[in-house]
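Topology and contacts: notes
The residues making up each chain are set out below.
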Amino acid sequence: MVLSIERFVGKVAVVTGASSGIGAGIVEALVSNGLIVAGLGRRVEAIESLAQKLAGSKGKLIAFKCDMTKEDEIVSTLQQIISKLGPISVLINNAGLSRTGSLINGDPKSWKTVLETNVLGLCIATKQAIQNMIANQTLGHIIHINSVVGHTVMNIPGFDMYGPSKYAVTALAETLRLEINREKLQIKITSVSPGYVKTNFEFPINVDNMLGLESEDVADAVIYALSTPPHVNVSELSVRATGSL
């Protein structure tokens, strides 16, 4: 199998949650490989700062302000991207969050925020991107940044809704793959499931001494999936730090 991301050079990639952590790492990797990246986030100034840092790279980063809990913002932002930059070839659904709490005593408003961001926002962005890929007959690629907790229920107090939301992402990725295949679309779907990554993500437990990945490691997994030849679809890719439990 020959790996090459050359067919995406100069093409448009959308990355949600691009302002920091894994999202920023993915943006840097895509831009360095020559893609035109639309970075979405609520903290647009952080994405603009990253764009300045990457100014001399092979590709380019353009910042777009977007709240992934608001359907109208997601739809209008992707329409704006298409109008300004052109058809979408790659969508990286990276935006995600957790709120500490429990299913017994938790706040339903927090549950709603997690589900709207991790599940519904992902679905809305995916629908918009795929509709654009169909309209332009694009050989596109959708990548969901999932988690190992989307495959195994872990005994972590306070992770009440986060794990279930990622289980939904696992099911959504496979359901979408089957739907794409039934429609005979030339679009790939990949679920990338990292273990613990050293970012500013909110954890309900102390992670100071845990073995973890860097954001760049997850970005490398994304580049690998994008680099596979057209007849190869990496549908699930789990990445963990060596020696982690």
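To start, this report covers the structure provided alongside it. (Residues numbered from 1 in each chain as written. Predicted model: local features only at pLDDT ≥ 70, side-chain atom pairs only at ≥ 80, totals over all residues. Heavy atoms only, no water.)

The helix and strand tally for the protein chain stands at six helices and seven strands. Rg of the C-alpha trace for the protein chain: 17 Å, near the compact-globule value of 18 Å for 245 residues, within the 12% margin. The C-alpha extent of the protein chain, read off along each of the three principal axes, is 45 × 40 × 40 Å. Classification of the 245 residues of the protein chain by burial places 49% in the buried group. For the protein chain, the share of sequence-separated contacts (at least 6 apart) that also reach a separation of at least 24 residues comes to 72%. A total accessible area of about 11900 Å² is found for the protein chain, and carbon and sulfur atoms account for 52% of it. The averaged location of the 21 negative side-chain charges in the protein chain is 5 Å from the averaged location of its 21 positive side-chain charges. (Helix = DSSP H or I, 4+ residues; strand = E, 2+ residues; numbered from the N terminus. Rg over C-alpha atoms; globule rule 2.2 N^0.38 Å. Buried < 20%, exposed > 50% of the residue type's maximum accessible area, 1.4 Å probe, protein only. Contact = heavy atoms within 4.5 Å. Areas by Shrake-Rupley, 256 points an atom, 1.4 Å probe, with all protein chains shown as cover. Lys, Arg positive; Asp, Glu negative; His and termini not counted. Charge placed at Lys NZ, Arg CZ, Asp CG, Glu CD.)

Take the sheet that holds strand β4 (residues 88-93) next. Consider a sheet: its strands pair through backbone hydrogen bonds, and that pairing is either parallel or antiparallel. Read from one edge of the open sheet, seven strands run β3-β2-β1-β4-β5-β6-β7, paired in parallel fashion. Each edge of the open sheet is held by one strand with a lone partner, namely β3 (60-65) and β7 (236-239). The sheet shows a mean angle of 20 degrees between the axes of neighbouring strands, direction not considered. Strand direction decides the pairing type here: strand β1 (residues 12-15) and β4, joined by four bridges, are parallel. Looking across to β4, one finds that Ala13 is bridged to Val90. Seen against the sheet, helix α1 (residues 21-32) touches β1, β2 (36-41), β3, β4 and β5 (141-145) and runs at an angle of roughly 170 degrees to β1. (Pairing = 2+ DSSP bridges. Axes fitted to C-alpha atoms, helices over the stretch in contact; angles between N-to-C directions.)

Before going further, it helps to examine the side chain of Asn146. Of note, Asn146 is situated in the loop between β5 and α5 (162-182). Ignoring any residue separated from it by four or fewer positions in sequence, one finds Asn146 in contact with His151, Lys166, Val169, Thr170, Ser191, Val192, Ser193 and Pro194.

Bringing the pairing of β2 into the picture now. Burial analysis of β2 places five of its six residues in the buried class, the great majority of the element. Both β1 and β2 contribute to a ladder of four bridges, which runs parallel. Within β2, the position partnered with Val14 by the bridge is Ala38. In this region the chain leaves β1, passes through α1 and returns to the parallel neighbour β2; the handedness of that crossover is right-handed. Between the parallel elements β2 and β3, the chain passes through helix α2 (residues 44-53) in a crossover that is right-handed. (Right-handed = clockwise from strand over helix to strand, strands pointing away.)

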